[in-house]
Amino acid sequence: MSKSYRTRQQLLDELQELTSRMMEAEETLRAIRGGEVDGLVVSTAEGERVFTLSGAEHPYRVMVETMNEGAVTLASDGTILFCNQRFADIVQRSLGKVMGSSIYQYISSTDRQLFEALVERGLKGNSKAELALQTGGENTAPALLSISTLQHTDMPAVVCMVVTDLTEQKRNEEMLAEEKLTTQILNQAAEIFVLCDPQGRILRASQSTSSLFGRSPLFQVFDEAFHLLYPDGMPFILLPAMSGKFLHAVEVNFKHGDNETYSFLLSANPLITHKGAIGIVVVMVDITERRKMEDSRQKDHDKLEQQVEERTLELRTALSEIKTLKDRLEAENIYLRHENKRRHHFAQILGQSDSLKYVLYRAEQVAPTNATVLILGETGTGKELIAFAIHDMSPRKERPMITVNCAALPGNLIESELFGREKGAFTGADTRRIGRFEVANGSTLCLDEIGELPLELQAKLLRVIQHNEFERLGSPHTIKVDVRIVATTNRNLEEEIRNGRFRQDLYYRLNVFPITVPPLRQRKEDIPLMVHAFVERYSRKLGKQITSIQKEAMKALQDYPWPGNVRELESIIERAVILCPGPVLQLADKLEISSPAFSSTVRTLEETERDQILKILSETRWRIEGKNGAAAILGIHPSTLRARMHKLGIVRPETKEPN
Ligand SMILES: Nc1ncnc2c1ncn2[C@@H]1O[C@H](COP(=O)(O)OP(=O)(O)OP(=O)(O)O)[C@@H](O)[C@H]1O
């Protein structure tokens, strides 16, 4: 019959019955709890069974009801005959529902076999095992089950089971294991972990911290344990450094002992829980090795950079040296190409006269030294030829002698000719050029016609002679050279000094070893030799057969005063050879000079004096004093003769040169 057909009376009756049954049950429960009931009749599959609840067991029942473990008595088919509230709580069911239900409802299928084995063992005595209890749905609770037989004749139960809920214990165990693992990880990590309270006192620190200090820094204030500094040397103080912000990878240094310095990257964060900020977690990563490596890499890098710089500089210097050498070689080549022809003519110095021999003797004397030589004499007398002879007899002969004609170039160009110039040194200087002084480095520089050198350049020249150094035009860079100077002039330099056209100091520097080449008119005996040599040279050159020289012609040549000296003689012979129609050489033109100063009889007093002294000295074999000495023959005092000789530059052949 459906409920909707029940009458109100029927429903009231049912409610009455239920209420009275509930009251009855409550009364029974109260009586059981109060120890007033001796036994209970329970319906089981095997029929009604009586449970004795004698007054003597009452304390145990109270204990069972109040204990923290679940207590269960099971029938042989697994029906729960009795359980306490705690077991119902563990499996999360109401006590009423659990009572009389099957225990297998609360055993997970995977643990069923284990449970059965446990019961079996329990029947023989007692057994214990951990398994998972089904607590509703998919949820399980770990529990320790202790099973033992219940040997009570009045009782239908087979086993008694005590259930300990391991949920909390397992959770604690897990947490402990987790913490242990975390501690282990933290201790093994190279990083330093420090937990401070909000006042900066160290509460926990990883093992690495203790190994850094040799002891644990626990309970010290962080800043007192770690005297940290920023890389710039400023002290690092934890709390102000944080001041409301998180610190992330701040570089700090830690001075430990006298020599050790550690570098760390420090990060610090407040530890916030539901209770608020409970502390500060500091993590420090040791970057000492990395820093050292970086420093050493930086040092290596700097060293390498310096080496590269040095090498580059060396290379630049080498390149500039190569360039200078190249320029010098080029300049030398240009110069030599230009000079080559001339040198052929200078190969042989013609002349047998005493005065020429004396000149050659003087040249021979001074050649091996580095002394500056001043060659004096009229134009065309062969001064440059003598300069070459000196160079060719000197240790510098392997390198070519370089000549600069001081009269050939205007003053502004002679300077760059002598000292060189940098590109852009002056308007029109569109290339770099090295000067004759540089080209002549290690060799001889012949300053031809030095008397023509402008005064302002004379000072510069003096500096080079004195210090062997100079600067190219437009360059601040000083160049050192080793140059031997041979200067020539047809001017009377002493007179030039008096007229303010020549520097006295330069003259003294040049006049270390003067050699005067006598004019041709003073060594007429050399003329025939020269005439023959020049005739032969030019007739060969011009392909002519000239076998002799007309007597009159030779006489005219010897009588002529030769203002242009050997140069003039050479060109007159060249012209005569060109014009000569037959084998006998005649002069093409009559030899005439416009200036009376050069008549064959006109000679300077000095020239006459020098010749006379030389002649007498050679006759007396350079004996000055005594009855047959040169001074007595000349009728002057020996000291006067010596003074005159000095003045005229006459030096005894045996005498060593001044330097
Ligand atoms: N003794 C000599 N033997 C052969 N040739 C000579 C002699 N002296 C001079 N000459 C010739 O005379 C010419 C002029 O010589 P050199 O240039 O040396 O004279 P210089 O005195 O330097 O002249 P300047 O003062 O004009 O420069 C050259 O061609 C040279 O060959």
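Right, let's walk through the structure included here.

Conventions adopted
Residues numbered from 1 in each chain as written. Predicted model: local features only at pLDDT ≥ 70, side-chain atom pairs only at ≥ 80, totals over all residues. Heavy atoms only, no water. Patch = residues over 30% accessible without salt bridge, like charges linked within 9 Å, V, L, I, M, F, W, Y side chains within 5 Å. Areas by Shrake-Rupley, 256 points an atom, 1.4 Å probe, with all protein chains shown as cover. Salt bridge = Lys/Arg side-chain N within 4 Å of Asp/Glu carboxyl O. Helix = DSSP H or I, 4+ residues; strand = E, 2+ residues; numbered from the N terminus. Buried < 20%, exposed > 50% of the residue type's maximum accessible area, 1.4 Å probe, protein only. Contact = heavy atoms within 4.5 Å. Pairing = 2+ DSSP bridges. Axes fitted to C-alpha atoms, helices over the stretch in contact; angles between N-to-C directions. Parallel < 35°, antiparallel > 145°, perpendicular 65-115°, else oblique. Left-handed = near helix turned anticlockwise from the far one by under 90°. Core = buried A, V, L, I, M, F, W, Y, C linked by side-chain atoms within 4.5 Å. Polar contact = N/O pair within 3.5 Å; in protein donor to acceptor, adjacent residues only side chain to side chain.

Notes on a nonpolar patch on the surface
Right, on to step 1. A contiguous nonpolar patch, built from L203, L218 and F219 and spanning about 250 Å² of accessible area, is present on the exposed surface.
Right, on to step 2. Following the sequence through the fold, L218 ends up in the loop between helix 7 (207-213) and helix 8 (222-225).
Right, on to step 3. Using a relative accessible area of 32% as the deciding quantity, one classes L218 as partly exposed.

Regarding the environment of A249
Right, on to step 1. Assignment of secondary structure puts A249 in strand 11 (residues 247-256).
Right, on to step 2. Here A249 falls in the partly exposed class, since its relative accessible area comes to 35%.
Right, on to step 3. Remark: the alpha-carbon pair of A249 and S267, spanning 18 residues in sequence, is separated by 5.1 Å.
Right, on to step 4. Filtering out sequence-adjacent residues up to four positions away, A249 remains in contact with L265, L266 and S267.

A few points about the pairing of strand 14 (residues 373-376)
Along any regular strand the residues' side chains alternate between the sheet's two faces.
Right, on to step 1. Here strand 14 shows a buried face lined by V373 and I375 and a second buried face lined by L374 and L376.
Right, on to step 2. The pairing of strand 14 with strand 19 (residues 484-489) spans 4 bridges and is classified as parallel. Looking at the pairing, L376 lines up with T489 of strand 19.
Right, on to step 3. Taken together, the 4 bridges between strand 14 and strand 20 (residues 513-516) define a ladder with parallel strand orientation. Following the sheet pairing, I375 is matched in strand 20 by I515.

Quick word on the sheet that holds strand 3 (residues 70-74)
Right, on to step 1. Reading across the sheet, the 5 strands line up as 4-3-7-6-5 and stay open at both edges, with antiparallel pairing between neighbours. A strand with exactly one partner marks an edge of an open sheet, and here the two such strands are strand 4 (80-83) and strand 5 (126-134). For this sheet, the mean inter-axis angle between neighbouring strands, taken without regard to orientation, is 25°.
Right, on to step 2. As defined by bridge partners, strand 3 adjoins strand 7 (residues 159-165) across 5 bridges and the pair is classed as antiparallel.

Focus: the packing of helix 13 (residues 411-419) against helix 15 (residues 455-467)
Right, on to step 1. Two numbers describe how helix 13 lies on helix 15: the axes approach to 11 Å, and their chain directions differ by 10°. In terms of orientation, helix 13 and helix 15 fall into the roughly parallel class. For the crossing formed where helix 13 meets helix 15, the hand is left-handed. Of the residues in helix 15, those in contact with G411, I414, E415 and F419 of helix 13 are L457, K460, L461 and V464.

Observations concerning the nonpolar core
Right, on to step 1. Ranked by size, the top nonpolar core spans 33 residues in total, and within it F437, L445, L447, I450 and L510 carry the most contacts.
Right, on to step 2. Counting residues per element, this core draws most heavily on helix 15, which supplies 5 residues.
Right, on to step 3. If sequence neighbours within four positions are ignored, L445 has contacts with I402, V404, R436, F437, A440, V483, R484, I485 and V486.
Right, on to step 4. In terms of nonpolar packing, the next biggest core, distinct from the first, is built from 25 residues, F226, L238, F264 and I280 among them.

Thoughts on the side chain of T288
Right, on to step 1. Summarising the element assignment, T288 is placed in helix 10 (residues 288-345).
Right, on to step 2. Reaching out from T288, the side chain makes a polar contact with the backbone nitrogen of S263 at a distance of 3.0 Å.

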